[in-house]
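# Observations on the model geometry
Residue strings, one per chain:
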Amino acid sequence: MLGDTVVARYAVTDDPDIADPGSAFILLTIDQPQSNHNGGWMGFGPADGYLYIASGDGGGGGDDEPGHTPGVGNGQDITDNLLGKMLRLDVDGDDFPGDPNRNYAIPPDNPFVGVTGDDEIWAFGLRNSWRCSFDRDTGDLWIADVGQNIW
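Residues numbered from 1 in each chain as written. Predicted model: local features only at pLDDT ≥ 70, side-chain atom pairs only at ≥ 80, totals over all residues. Heavy atoms only, no water.

## What to know about the pairing of strand β4 (residues 51-55)
Two faces, one strand: in a regular strand the side chains alternate between the faces of the sheet. To keep it simple, the criterion reads: Only protein chains enter the accessibility calculation, which uses a 1.4 Å probe; a residue whose area is less than 20% of its type maximum is buried, one above 50% is exposed, and one in between is partly exposed. Strands are runs of DSSP state E lasting at least two residues, helices are runs of H or I lasting at least four, and both sets are numbered from the N terminus onward. At least two DSSP bridges between two strands are needed for those strands to be called paired.
Of all the 5 residues making up β4, 5 are buried; the element is thus mostly covered by neighbouring parts of the structure. Here β4 shows two buried faces, one formed by L51, I53 and S55 and the other by Y52 and A54. Taken together, strand β3 (residues 42-44) and the strand that follows it, β4, pair antiparallel across an intervening segment of 6 residues, in which G49 is found at a positive phi of about 75 degrees. Here β4 runs beside strand β5 (residues 85-89); their pairing, made up of 5 bridges, is antiparallel. Residue S55 lies in a different strand from β5, and its bridge partner there is K85.

Here it is, written out as structure tokens:
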């Protein structure tokens, strides 16, 4: 709507520090209902090699603005809603060959594989996780979330 979240991969040029802009290959597109709370962090897991993507809840205060799931908000909605989540994807496969906006595979041990919920979800209930990091000693993922307005 106002600007989708697009996760893409690129090939490098002859200079390994410069991406080739013409090589963009879209892995995932997420519709964004508003211009804030769009997350913005991603990184590869040090132990599993999967891509972790922090998605914000889609913006607005109280998680009840237009584009939010009524009554629960996007962060708590685990079906057909990738907003307000930490996603985990296998970028070396493609479980959705007919969908140009989903060019990845689902790690088989993601929490919602085989049960109700979007298979991409690794963690949910987030508002706008924009600064995250894997602990260098333990491999644990630390998620910094902006919260609402009290903490």
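Back to the text.
## Brief notes about the environment of T13
As a reminder, the rule being used: Whether two residues are in contact is decided by their heavy atoms, any of which lying within 4.5 Å being enough. Whenever a nitrogen or oxygen atom comes within 3.5 Å of another N or O atom, the pair is scored as a polar contact, on the condition that within protein one atom can donate a hydrogen and the other can accept it, and that pairs from neighbouring residues in sequence are kept only if both atoms are in side chains.
With respect to the helices and strands, the residue T13 is situated in the loop between β1 (5-9) and β2 (25-30). Residues T13 and R102, 89 residues apart in the sequence, show an inter-C-alpha distance of 25 Å. With residues near it in sequence (within four places) discarded, T13 still touches I18, A19 and D20. There is a polar contact of 3.1 Å between the side chain of T13 and the backbone oxygen of D15.

## Structural notes on the pattern of salt bridges
A pair can form between side chains of opposite charge whenever their charged atoms are brought close. What counts, and what does not: We define a salt bridge as a side-chain nitrogen of Lys or Arg found within 4 Å of a carboxyl oxygen belonging to Asp or Glu.
Taken as a whole and judged by the stated rule, the model has 3 salt bridges. Here R88 ties to D48 by a salt bridge, and the two come within 2.9 Å at their closest N and O atoms. Taken as a pair, R88 in strand β5 and D48 in the loop between β3 and β4 lie far apart in primary sequence, 40 residues in all. Judged by relative accessible area, which is 5%, R88 ranks as buried. Between R102 and E120 there is a salt bridge, with the nearest N and O atoms lying 2.6 Å from each other. Taken together, the residues R102 in the loop between β5 and β6 (121-124) and E120 in the loop between β5 and β6 connect sequence positions 18 residues apart. Classification of R102 as partly exposed rests on a relative accessible area of 26%. Taken together, the salt bridges that share partners define one network made up of D48, R88 and D109.

## So, the layout of surface pockets
Short version of the rule: Both site types are read off a 1 Å grid over the protein atoms alone. A 1.4 Å probe that fits but cannot get out defines a cavity, while an open set with protein on both sides within 12 Å along at least five of seven lines defines a pocket; lining residues have an atom within 4 Å of a point. Grid points are joined across faces, edges and corners, and a volume is the space filled by probe spheres set on the points. In this classification, Asp, Glu, Lys and Arg are treated as charged, Ala, Val, Leu, Ile, Met, Phe, Trp, Tyr, Cys and Pro as nonpolar, and every other residue, Gly included, as polar.
Size it by volume and the largest pocket reaches roughly 290 Å³. Considering only residue class, the lining of the largest pocket consists of 5 nonpolar, 3 polar and 6 charged.

## A short note on the packing of aromatic side chains
What counts here: Between rings of Phe, Tyr and Trp, where Trp is taken as its six-membered ring, a pair exists when centres lie within 6.5 Å; planes separated by under 30 degrees are stacked, by over 60 edge-to-face, and by other angles tilted. Charge-over-ring contacts are defined here by two conditions on Lys NZ or Arg CZ: a distance within 6 Å of the ring centre and an angle within 35 degrees of the ring normal.
Scanning the entire structure with this criterion turns up 5 aromatic pairs. Ring plane angle 65 degrees and centroid distance 5.8 Å describe the contact between F112 and F124, whose orientation is recorded as edge-to-face. Here F112 is found in the loop between β5 and β6, whereas its partner F124 is found in strand β6, with 12 residues between them in sequence. A relative accessible area of 38% means that F124 is categorised as partly exposed. Aromatic rings pair up to connect W41, Y52, W122 and F134 into one cluster. In this arrangement the basic side chain of R102 is found over the ring face of F96, its NZ or CZ atom lying 3.7 Å from the centre.

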